[in-house]
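# Reading the structure
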Amino acid sequence: MATGVTRLADLIVPAIFAPYVQQITQEKSRLVQSGVLVNDALLSSRLNGAGLTFNEPSFRDLDNDEENISQDDPSVHSAPNKISASTEIQVRLSRNNSWSSMDLAADLIGTDPLNAIANRVANYWVRRRQRAFIATVKGVFANDAKATDAYHTKDDMIVDISGSAYSAGVTDFNAAAMIDACTTMGDSMDELGAIMVHSVVYARMLKNNLITFIPPSLAPAVPNAAPPMGIPTFLGREVIVDDSLPSAGGVFETWLMGRGSFRGAVGSPKTPVETFRDPSAGKGSGQEILYSRVEWIIAPVGYAYKGTAPQGGPSNEATANNLANEDSWQRAFGERKQIKIAKLVTREH
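What you see is a predicted model; the values in this text were computed from it and never measured.

About the thresholds
Residues numbered from 1 in each chain as written. Predicted model: local features only at pLDDT ≥ 70, side-chain atom pairs only at ≥ 80, totals over all residues. Heavy atoms only, no water. Buried < 20%, exposed > 50% of the residue type's maximum accessible area, 1.4 Å probe, protein only. Helix = DSSP H or I, 4+ residues; strand = E, 2+ residues; numbered from the N terminus. Arc of directions from axis to C-beta. Contact = heavy atoms within 4.5 Å. Phe/Tyr/Trp six-rings, centres within 6.5 Å; stacked < 30°, edge-to-face > 60°. Patch = residues over 30% accessible without salt bridge, like charges linked within 9 Å, V, L, I, M, F, W, Y side chains within 5 Å. Areas by Shrake-Rupley, 256 points an atom, 1.4 Å probe, with all protein chains shown as cover. Salt bridge = Lys/Arg side-chain N within 4 Å of Asp/Glu carboxyl O. Polar contact = N/O pair within 3.5 Å; in protein donor to acceptor, adjacent residues only side chain to side chain. Lys, Arg positive; Asp, Glu negative; His and termini not counted. Charge placed at Lys NZ, Arg CZ, Asp CG, Glu CD. Core = buried A, V, L, I, M, F, W, Y, C linked by side-chain atoms within 4.5 Å.

Among all positions in helix 7 (residues 199–207), only Val 201, Tyr 202 and Met 205 are buried. Viewed along the axis of helix 7, the buried residues span an arc of 100°, placing them on a single side of the element. Check the buried side of helix 7 and you find it contacts strand 6 (194–197), strand 7 (212–214), strand 8 (231–234), strand 9 (237–241), strand 11 (251–257) and strand 17 (341–347). Of the residues flanking the end of helix 7, it is Asn 209, one or two places downstream, whose phi is positive at about 55°.

What follows is the structure, given as structure tokens:
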């Protein structure tokens, strides 16, 4: 019969724990489920190699040049055209954190210790991955708000009706403004299939009867259970409610995105998980520490990361070389319609 004290290190088997956390992280992320952030096998393979940034060149489509009118004069020659290229640049995000438990407290140990610990860590990384995604989107839109240059036209992805003061029916969310945001994509507007809104904006949509609920997929009936809520949609687009969207002083951002507008990857650090025991901590009562490490790429399609990536990658901040900074991103694709995102800015109160 086994004897001794069960400790955190006995419960965490890295070969099992790390994939389990990674699986939960991806399953619970609404960004992945909505299809906006699509896991990319190529980027995942790059994370398992070396480098802080990764260059990905691609050929652009042929320009819509005038064709030649054929003739039979051998002295007249055609002038060939050329094809140009773009280079997307992705950046590695290396993140880690640790959690400790004193033997006397042992607050992480429950009826199913492994699940208790894994679910806490996994949920933490779900929230942090979403923070990194939001910071990246903010950086892309901040870049779009800069002056027109060779890479983009200022505010060609943004519609702002917030004004300087609240005016009911003018500065708040309305169908006409949303259509204007959609049509920044021109005749490709239907590719913007998801709308991400703050709960305050969602409440406005509900009050104005702008939401249509689509029945969820049929599931076996559950006795005495309430009927499942439908999926909220607006103009045929799924509405995703998340209070992490930027808001300040009554001004709210609403984001429109298309499937695959962001490519994602989850890599495997050299040591994703490890534990450490300090027997002298707590004046000898003992302490357990769990370390967790992740590797990500969150890449807006059609963009190049232009910051100078520090070791470990950029943070979520809006300061230089970080994800939310306007100078960290540069559009690589030449056509607006290739960038499947747009933003509506409203003032709700």
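Still to come is the rest of the account.
Note on aromatic pairs: each is described by the distance of the centres and the angle between the planes. Using the criterion set out here, one finds 7 aromatic pairs in the structure. Between the aromatic rings of Phe 141 and Trp 255, the centroid separation amounts to 6.1 Å while the plane-to-plane angle is 45°, which identifies the pairing as tilted. Here Trp 255 lies in strand 11 and Phe 141 lies in helix 5 (residues 113–144), a separation of 114 residues in the sequence. A single burial state applies to Phe 141 and to Trp 255, both of which are buried.

Within the secondary structure, Thr 53 is located in strand 2 (residues 53–59). On the accessibility criterion, Thr 53 (33% relative accessible area) is partly exposed. Each C-alpha atom of the pair Thr 53 and Ala 304 lies 9.8 Å from the other, and the pair is 251 residues apart in sequence. If we ignore the near neighbours within four places in the chain, the residues touching Thr 53 are Ile 89, Gln 90, Val 91, Tyr 305 and Ala 309.

Residues Phe 59, Leu 62 and Ile 83 make up a contiguous nonpolar surface patch of roughly 360 Å² in combined accessible area. By secondary structure assignment, the location of Ile 83 is in the loop between strand 2 and strand 3 (85–91).

Looking now at the side chain of Thr 233. Here Thr 233 lies in strand 8. Looking at Thr 233, its side chain comes within polar contact range of the main-chain oxygen of Thr 212, at 2.8 Å. With near-sequence residues (within four places) excluded, Thr 233 lies in contact with Leu 210, Ile 211, Thr 212, Ile 214, Glu 238 and Val 239.

On to the side chain of Thr 171, then. Residue placement: Thr 171 occurs in the loop between strand 5 (158–160) and helix 6 (175–182). Judged by its relative accessible area of 4%, Thr 171 is buried.

This next bit is on a positive patch on the surface. Taken together, the side chains of Arg 127, Arg 128, Arg 131 and Lys 138 present a region of like positive charge at the surface. Summarising the element assignment, Arg 128 is placed in helix 5. Taking the relative accessible area as the measure of exposure, Arg 128 reaches 33% and is therefore partly exposed.

Inside soluble globular proteins, nonpolar side chains tend to come together where they are buried. If you look at the biggest cluster of nonpolar residues, it comprises 52 residues, and the most contacted ones within it are Phe 17, Phe 133, Met 196, Trp 255, Met 257, Phe 262 and Ile 341. In terms of residue count, helix 5 provides more of this core than any other element does, 13 residues in total. In this structure Trp 255 touches Phe 133, Ile 134, Val 137, Lys 138, Phe 141, Ala 194, Ile 195, Met 196, Leu 245, Pro 246, Ala 342 and Lys 343, once residues within four positions along its chain are discounted. Among the nonpolar cores identified, the runner-up in size contains 21 residues, and Cys 182, Tyr 202, Phe 234 and Val 239 belong to it.

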